[in-house]
Amino acid sequence: MLKALRRGLLVLLASVPMVALAAPSAHQVIQQTTDELLADLKKNKERYRSEPGAFYDALNTILGPVVDAEGISRSIMTVRYSRQASPEQMKRFEENFKRSLMQFYGNALLEYNNQQIRVLPASGKQDPERTSVGMEVVDRQGTVYPVQYTMVNLGGEWRVRNVIINGINVGKLFRDQFADTMQRNGGDLDKTIDGWAQVVARARETEAGQQATGDD
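Rules used in this analysis
Residues numbered from 1 in each chain as written. Predicted model: local features only at pLDDT ≥ 70, side-chain atom pairs only at ≥ 80, totals over all residues. Heavy atoms only, no water. Core = buried A, V, L, I, M, F, W, Y, C linked by side-chain atoms within 4.5 Å. Buried < 20%, exposed > 50% of the residue type's maximum accessible area, 1.4 Å probe, protein only. Contact = heavy atoms within 4.5 Å. Salt bridge = Lys/Arg side-chain N within 4 Å of Asp/Glu carboxyl O. Helix = DSSP H or I, 4+ residues; strand = E, 2+ residues; numbered from the N terminus. 1 Å grid on protein atoms, 1.4 Å probe; cavity = no way out; pocket = protein on both sides within 12 Å on 5 of 7 lines; lining within 4 Å. Points joined across faces, edges and corners; volume = space filled by probe spheres on them. Nonpolar A, V, L, I, M, F, W, Y, C, P; charged D, E, K, R; others polar.

1. Quick word on the nonpolar core
Judged by nonpolar contacts, the single largest core of 47 residues is most densely connected at Met-77, Tyr-149, Met-151, Phe-178 and Trp-196. When residues no more than four places from it in sequence are discounted, the contact partners of Tyr-149 are Ile-30, Thr-131, Ser-132, Val-133, Met-135, Val-160, Asn-162 and Val-163.

Structure below.
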């Protein structure tokens, strides 16, 4: 009896590290990343206001590992343009995309003022390869803004592939902007890649203008 109990305890102890090292679920990835991001923002917000570059670097450190930048970049280009791109062009666009994305959301986050953010629990059976994680942002007036993350499982780790914010599909928005910019640039892929930051900046200005109009 004691021998069997001892063997059982050994099996239990041996399994603990495996449990501790188990990859987090898609919901855990979003929750942990959100907690880390808000904690960092709370600690360094005043510094980030005067040093936005430092904030973008921090965002890249926190968000970079959980964003499928390569997958999103190819999705934005679509097959039509990505199959024309060289590996160097794809890598350059991926880097430009990541930088512009951090700036796009970094400016919005600097306006964060202790709104309530909650990650919604998973509902139903989850697909092991692709799933969605819901979030709600509640402003100081009590208005709820839904956020939905599309998550993909890459090598056993969950990564963000797309975001829908208050009904706005960010992936589709960027795809449309890329196609429109390619058309205006006469199909010049290098020009479109190198000017992507300006494209995102214009989108940010448009968004800011729409928010200002909505606040009036």
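2. Observations concerning the pattern of salt bridges
Per the stated rule, a full pass over the model turns up 12 salt bridges. In this structure, Arg-92 engages Asp-190 in a salt bridge whose closest nitrogen and oxygen atoms are separated by 2.6 Å. Here the residue Arg-92 occupies a position in helix H5 (residues 87–109), and Asp-190 occupies one in helix H7 (residues 189–194), the gap between them amounting to 98 residues. Look at the salt bridges and you will find they share partners, linking Glu-88, Arg-92, Asp-190 and Asp-194 into a network.

3. Comments concerning the layout of surface pockets
Space inside the second largest pocket adds up to approximately 180 Å³. Ala-23, Pro-24, Val-29, Gln-32, Thr-33, Glu-36, Ile-62, Pro-65, Val-66, Glu-157, Trp-158 and Arg-159 together form the lining of the second largest pocket. Of all the secondary-structure elements, those providing two or more residues to the lining of the second largest pocket are helix H2 (26–50) and strand E4 (157–165). With 4 residues, the top contributor of residues to the lining of the second largest pocket is H2. The residue inventory of the lining of the second largest pocket, partitioned by class, reads 7 nonpolar, 2 polar and 3 charged.

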